[in-house]
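# Architecture at a glance
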Amino acid sequence: MKKILFLILILFSFLGKTYSQEKTFFNQTDLGLSIGQVKTDFEGYTERVNFSFQTLNGVWINKYHATGFLVGVDTYPNFTLMPIGLGWRGFLDKGKRHTLFAGMDLGAASTMLEKKVETEWTESWYEGGLFLNPSIGIRRNSKKGKHSSVLSIGYKRQEANFYEGSKEIGFSSFRDASIPPGFISVRKEEYVFNSFVLKWGLIF
Amino acid sequence: MKNKSNPTIGKNLHLVLAFMMFLVLPSCHDEVTNTYTYKTSYPVYLEMSTVRQADIIIEPGKELDNPGKIYIYGDYLFINEPQKGIHILDNSNPASPKNINFINIPGNVDLAVNSEILYADNYVDLLSFDISDVRSIKMVDREEDVFKNMYSNFDTGQIITWKDTVLTSESDMMWGWGGWWGRPEFLAMANDAGSKGGGQSYGQGGSMARFTLMSGHLYAVDEYSLRVFDVNKEDEPVFIKNIDLGWGIETIFPFQEKLFIGSNTGMHIYDARVPSDPKKMAEYSHFTACDPVVVNEDYAFVTLRNGQFCRQGVNELQVLDIKDPYNPKLLKAYEMLNPHGLGLAGDFLYIAEGEHGLKSFKVADVMNIDKNQLEFLKSMKSVDIIPGPKSLIVIGPDGVCQFDYSTPSVLKPLSCIQVKNPVIV
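Residues numbered from 1 in each chain as written. Chains lettered and ligands numbered in written order. Predicted model: local features only at pLDDT ≥ 70, side-chain atom pairs only at ≥ 80, totals over all residues.

Let us look at the overall build of chain B. When helices and strands are counted, chain B shows three helices and 32 strands. Relative to its full complement of 425 residues, chain B shows a buried share of 39%. Long-range contacts, defined here as pairs at least 24 residues apart, represent 47% of the contacts in chain B between residues at least 6 apart. (Helix = DSSP H or I, 4+ residues; strand = E, 2+ residues; numbered from the N terminus. Buried ≥ 20, exposed ≤ 12 C-beta atoms within 10 Å, placed from the backbone. Contact = placed C-beta atoms within 7 Å.)

Broken down by element type, chain A carries one helix and nine strands. The N-to-C order of helical and strand elements in chain A reads α-β-β-β-β-β-β-β-β-β. A buried classification covers 38% of the 204 residues belonging to chain A. Summarising the internal contacts of chain A: among those between residues at least 6 apart in sequence, 56% fall at separations of at least 24.

This part takes up unusual backbone geometry. Among all residues except glycine, the phi angle is most often negative; among peptide bonds, the trans geometry is most common. Its identity is not glycine, yet N78 of chain A carries a phi of approximately 80°, on the positive side. Tracing the backbone through its elements, the reader meets N78 of chain A in the loop between β3 (65–76) and β4 (79–91).

It is worth spelling out the sheet that holds strand β14 (residues 217–221) of chain B at this point. Residues and elements named next belong to chain B. Strands sit in the order β13-β14-β15-β16 across an open sheet of four strands; the sheet is antiparallel. The sheet terminates laterally at β13 (210–214) and β16 (238–244), the two strands that pair on one side only. Across the sheet, the axes of successive neighbouring strands diverge by a mean angle of 20°, strand direction being ignored. Here β13 pairs with β14 via five bridges, running antiparallel. Looking at the pairing, R210 lines up with V221 of β14. (Pairing = 2+ DSSP bridges. Axes fitted to C-alpha atoms, helices over the stretch in contact; angles between N-to-C directions.)

We now examine the environment of V274 of chain B. Residue and element names in this part refer to chain B. By the secondary structure assignment, V274 is in the loop between β19 (266–271) and β20 (279–285). Overall, the presence of 11 C-beta atoms within 10 Å leaves V274 in the exposed class. Sequence separation between V274 and S215 is 59 residues; the distance between their C-alpha atoms is 9.0 Å.

Right, let's talk about the confidence of the model for chain A for a bit. Per-residue pLDDT for chain A has a mean of 84; in total, 84% of the residues score no lower than 70. Counting contacts from residues 16–21 of chain A, a segment whose pLDDT is below 50, to residues more than four positions away or on other chains yields six contacts. (pLDDT = per-residue confidence, 0-100.)

So, on to the nonpolar core. Nonpolar side chains in soluble globular proteins generally cluster together in the buried interior. Membership of the largest hydrophobic core comes to 78 residues, with the highest contact counts inside it found for I261, F301 and V394 of chain B. Apart from residues no more than four positions distant in its own chain, V394 of chain B is found in contact with A352, L358, M380, S382, I385, C401 and F403 of chain B. If you look at the next biggest cluster of nonpolar residues, it comprises ten residues, including A109, F131, F162 and Y191 of chain A. (Core = buried A, V, L, I, M, F, W, Y, C linked by C-beta atoms within 7 Å.)

All names here are of chain B. Within the open sheet, the four strands sit side by side as β17-β18-β19-β20. Their pairing is antiparallel. What marks the edges here is a single partner per strand, and that holds for β17 (249–255) and β20. For this sheet the average axis-to-axis angle between neighbouring strands, irrespective of direction, equals 20°. Here six bridges tie β19 to β20, and the two strands are oriented antiparallel to one another. Looking across to β20, one finds that M267 is bridged to Y284.

A few words on the environment of L337 of chain B. All names here are of chain B. With respect to the element layout, L337 can be found in the loop between β24 (329–335) and β25 (342–345). For the pair L337 and N306, spaced 31 residues apart in the sequence, the C-alpha separation amounts to 9.8 Å. Beyond its immediate sequence surroundings of up to four residues, L337 is in contact with N315, E353 and H356.

Here we take up the environment of G262 of chain B. As for its placement among the helices and strands, G262 of chain B is situated in strand β18 (residues 258–263). Along the primary structure G262 of chain B and P292 of chain B are separated by 30 residues, whereas in three dimensions their C-alpha atoms are 5.6 Å apart.

This part covers the pairing of strand β22 (residues 299–304) of chain B. Residues and elements named next belong to chain B. Taking burial as the measure, the six residues of β22 include five buried ones, the bulk of the element. Of the pairings in the sheet, the one linking strand β21 (residues 293–295) to β22 comprises three bridges and is antiparallel in character. Paired with V295 across the strands is A300, a residue of β22. Hairpin remark: β21 followed by β22, antiparallel, with three residues in the connecting loop. Sheet analysis places β22 next to strand β23 (residues 316–321), joined by six bridges and oriented antiparallel. From the neighbouring strand, F301 faces β23, where its bridge partner is V319.

Residues and elements named next belong to chain B. For chain B, the average pLDDT comes to 79, and 81% of its residues sit at 70 or higher. When the criterion is pLDDT under 50, residues 1–5 qualifies, and its contacts beyond four places in sequence or with other chains add up to one contact. Low pLDDT, under 50, characterises residues 178–208; the predicted model gives this stretch 71 contacts beyond four residues in sequence or across chains. Complex prediction metrics read pTM 0.66 and ipTM 0.74.

In structure tokens, the structure reads:
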């Protein structure tokens, strides 16, 4: 919470500087696909195609740079994450209709869309992790100039964990630091999803 | 200004592009580290001859690590540390028990005291200690090979014990691949492995002897049988006989020349008027469940719970009419949370509800026990209860606590002996 407040302060400090400019607020909202390969059996890899949505809200620092907060929804095999973080966009603005741009998003994903599943004998839950998402794309201004559409490709590295524990029934005399108390076995899957991300979106 | 920044951004873009190539190209698939960590136990073979050679050492009092069975004798409290030995505490003031010493007995599970002689099992042997002076304890007898079921090979004198451990296995696969959407059906596989580990980790597969003394005889039950020892000559217990009981024997409770034996499948009643030759009177059967039992003249109180070893069980308190011990009748069953041990003191029944706490009831009217719940101490996690002469002793995962129960409806905490590493449940 403190961190968020701190970030909001930074945002407002940007606002002060840029208030005089014509365009102040920056919004980029994207929809797209993230494509990766996951090993699901001993033989080899299975392709996965997942859905990705993200909206970045912030401010223009000047004509070339914009920055802000982002929040999104990413699906992965078996679960859905909610990335929250900071984003930057740099535009190679030469005053033409098509502009090349680059972006960098950083942050951590929340698992608030996943519930902890508890039965009499088991408990399973997810844990979100850090993500990194560099991208490049093309911005195409609309004729009226109020908004522009964007097409981008990028790479997304997303960390996440899945835990599944079998509960210990009754009291066990035997304790060990590698197993959380109350469980007789725990399976942990640590994921690093490496995705190729293809997105379409709008910038206001 | 404009002319200056453009080339800079151009350079930046190229850098970003190069960086992306660097990141994307070598790692075009997901990395999965699948770690399965589970508690299990592995067999350790011991030569009984080596065990017998080693001295039984009396050590200075030490901290409780994992309390097992508890026994009160006079002003002393005996707390067993499963497979390790017995703590002896001076409990003349229940508000502040004092640790005196620790008898290091490998393979010890249960104990009983008879006229200043302490009986304790040492794997397959039964040991007797003179405890007339607890500060100078002497071993006076070793009765060999009385718990024979622990032998893996009787001829070579090899016994089998289990040591707890944590194992980890790894793979790089994403389990339960559920396609692109939805949570998978993971559970079956992990569970099987889990319960397999669980089946061994408590040492219950070994010999969990349970001792009780009555009419000059020591009765010990293990998983399958009742063993009778003549202890009329206290320091020289004599093994008399072995009575097969069937399977899943758990507890033994003596009352008025009868033995009430709780098992996974029911309650056995034995007539012990001839102490050396107990005779079966009845067997009351119920669902598979874990079940300790206590009795008074007319009724038996049996708790059934489901647990690691009795997963199909129910959680209830059953009241049986045992006025005719040859024909016990179920009077009523009351729903409980996860009842473990229980203690009966006059008209008051105390039930250890496992991690849920400790309950007390007035049981004068056995048909309305649920309406006569007195207290429910939710923070007092408990597994067993002994109504002692000076205090109610409650054993839980966090330690051994004592309560003043002179006013049965209000338990007054006296003291708690904390264990070294309490389980956080």
